[in-house]
Amino acid sequence: MSFEIDGQTLRLQLDLVKDAEPIKGDVRDAAGTAHPFTGWLELVQTLERLRAPGTTTEEDRT
C-alpha cells in the first residue's frame, strides 16, 4: 500500500485477521511499528493519521 505525500511515497504494510468481523488488523509504518485497528472507520483513521505530514521521518519515506 502506498500513498503520495508531497511527491514522495509512503509505504505501509497492512496485516488483516482473516475472516474477522468487523475487519481487524494492523497497519505497519516504515519503521515497522504496528498500529492496530478494528473496523473500517478505524482503518481509515489510521491511514489518514499515518499519511499526515510530519508523521514519519524523511528517512522512512521512499
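Residues numbered from 1 in each chain as written. Predicted model: local features only at pLDDT ≥ 70, side-chain atom pairs only at ≥ 80, totals over all residues. Heavy atoms only, no water.

Enquirer: Any chance you could explain the sheet that holds strand E3 (residues 13-16) here in plain terms?
Expert: Two orientations exist for strands paired in a sheet by backbone hydrogen bonds: parallel and antiparallel. Reading across the sheet, the three strands line up as E3-E4-E5 and stay open at both edges, with antiparallel pairing between neighbours. Edge positions in the sheet fall to E3 and strand E5 (34-38), since each of these pairs with one other strand and no more. Between one strand axis and the next, the sheet turns by 20° as a mean value, whatever way the strands run. In this sheet, strand E4 (residues 24-28) lies alongside E3 in antiparallel orientation, the contact comprising four bridges. Across the sheet, glutamine 13 pairs through a bridge with arginine 28, a residue of E4. The sheet contacts of helix H1 (residues 40-51) involve E3, E4 and E5, and relative to E5 the element is tilted by about 150°. (Pairing = 2+ DSSP bridges. Helix = DSSP H or I, 4+ residues; strand = E, 2+ residues; numbered from the N terminus. Axes fitted to C-alpha atoms, helices over the stretch in contact; angles between N-to-C directions. Contact = heavy atoms within 4.5 Å.)

Enquirer: Got a minute to help me understand the side chain of threonine 46 in this structure?
Expert: In this structure, threonine 46 sits in helix H1. According to the relative accessible area criterion, threonine 46 is buried, its value standing at 3%. Side-chain polar atoms of threonine 46 contact the backbone oxygen of glutamate 42, separated by 2.8 Å. Among residues more than four places away in sequence, those in contact with threonine 46 are Val27, His35, Pro36 and Phe37. (Buried < 20%, exposed > 50% of the residue type's maximum accessible area, 1.4 Å probe, protein only. Polar contact = N/O pair within 3.5 Å; in protein donor to acceptor, adjacent residues only side chain to side chain.)

Enquirer: Looking at this structure, how should I read the pattern of salt bridges?
Expert: Here the idea is simple: oppositely charged side chains can pair when their charged atoms come close. Taken as a whole, this structure holds two salt bridges when the rule is applied. For arginine 28, the salt bridge goes to aspartate 15, with nearest N and O atoms at 3.2 Å. Placement of arginine 28 in strand E4 and of aspartate 15 in strand E3 is noted, with a sequence separation of 13 residues between them. Between arginine 51 and glutamate 48 there is a salt bridge, and its shortest N-O distance comes to 3.3 Å. Remark: glutamate 48 and arginine 51 occur in helix H1; sequence separation between them is three residues, near one turn of the helix. Arginine 51 sits in the partly exposed class, given a relative accessible area of 32%. (Salt bridge = Lys/Arg side-chain N within 4 Å of Asp/Glu carboxyl O.)

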